[in-house]
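If you want the building blocks of each chain, they are given just below.
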Amino acid sequence: MIAEHRAVTPLRVFLVLLFGILLVFQTLSLPGGIAHMAQESPRDAHLRWPLTALAVFWVLCVQVVIVATWKLLTMVKNDRIFTKASLVWVDVIVWAIVAAWVVLLGVFVWVGLQADDPGMPMVLLLMLIGVAVIGLLMVVMRALLRQATTLRTDMESVI
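Residues numbered from 1 in each chain as written. Predicted model: local features only at pLDDT ≥ 70, side-chain atom pairs only at ≥ 80, totals over all residues. Heavy atoms only, no water.

Peer 1: Even after reading the chapter, I still don't get the nonpolar core, so can you show me in this structure?
Peer 2: L72, I81, V90, I93, M138 and L145 are the most contacted members of the largest nonpolar core, which has 18 residues in total. Mapped onto this core, the elements with two or more residues apiece are α1 (2-40), α2 (48-77), α3 (84-114) and α4 (119-158). Sort the elements by how many residues they give to this core and α2 lands first, with seven residues. Apart from residues no more than four positions distant in its own chain, M138 is found in contact with V90, I93, V94 and I97. The next biggest cluster of nonpolar side chains, apart from the first, holds five residues, and it includes L104, V107, L124 and L128. (Core = buried A, V, L, I, M, F, W, Y, C linked by side-chain atoms within 4.5 Å. Buried < 20%, exposed > 50% of the residue type's maximum accessible area, 1.4 Å probe, protein only. Helix = DSSP H or I, 4+ residues; strand = E, 2+ residues; numbered from the N terminus. Contact = heavy atoms within 4.5 Å.)

Below you can see the structure in the form of structure tokens.
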């Protein structure tokens, strides 16, 4: 358990940095970059607000995962990770990934129907598969956590 406690503090530092950088992207960089794209390409100007909403939504999904991870780290630090309360935070992570994946699927279908070259649909397909893998991995990790929680509860009742 000592190794886990040594990893918690640096991981929290990196989570704070990641959250802060994502906040800057969410509020300044992405909206500004998309607005610039709309000015440079008047043909695509009608996509400014839908693209901004999509970008902000996906960053929000990542931020939800960061907050839930922070809560799980607190449970690890307090040796409460093998409780039913931790499953709630893993569920939050899974649902944030599912929400991002469903919206990405919609974008993939829309772009695929509009595309005249396979480049962007292939990039979106790669992203779609990558997010699906991460989501399914989290479902498996949730099942392992649930099993470990049950075993720990059973052991504590015996002792």
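Once the structure has been displayed, the description carries forward.
Peer 1: Before we go on, may I ask you to explain the pattern of salt bridges in this structure?
Peer 2: If you walk through the whole model with that rule in mind, you get three salt bridges. Between R152 and D79 there is a salt bridge, with the nearest N and O atoms lying 3.3 Å from each other. Of the two residues, R152 sits in helix α4 while D79 sits in the loop between α2 and α3, which places them 73 residues apart along the sequence. We classify D79 as partly exposed; its relative accessible area is 36%. Across the pair D91 and R142 runs a salt bridge, and its minimum N-O distance is 2.4 Å. Residue D91 is found in helix α3, and its partner R142 is found in helix α4; the two are separated by 51 residues along the sequence. Residue D91 is classed as partly exposed on the basis of its relative accessible area, which comes to 26%. (Salt bridge = Lys/Arg side-chain N within 4 Å of Asp/Glu carboxyl O.)

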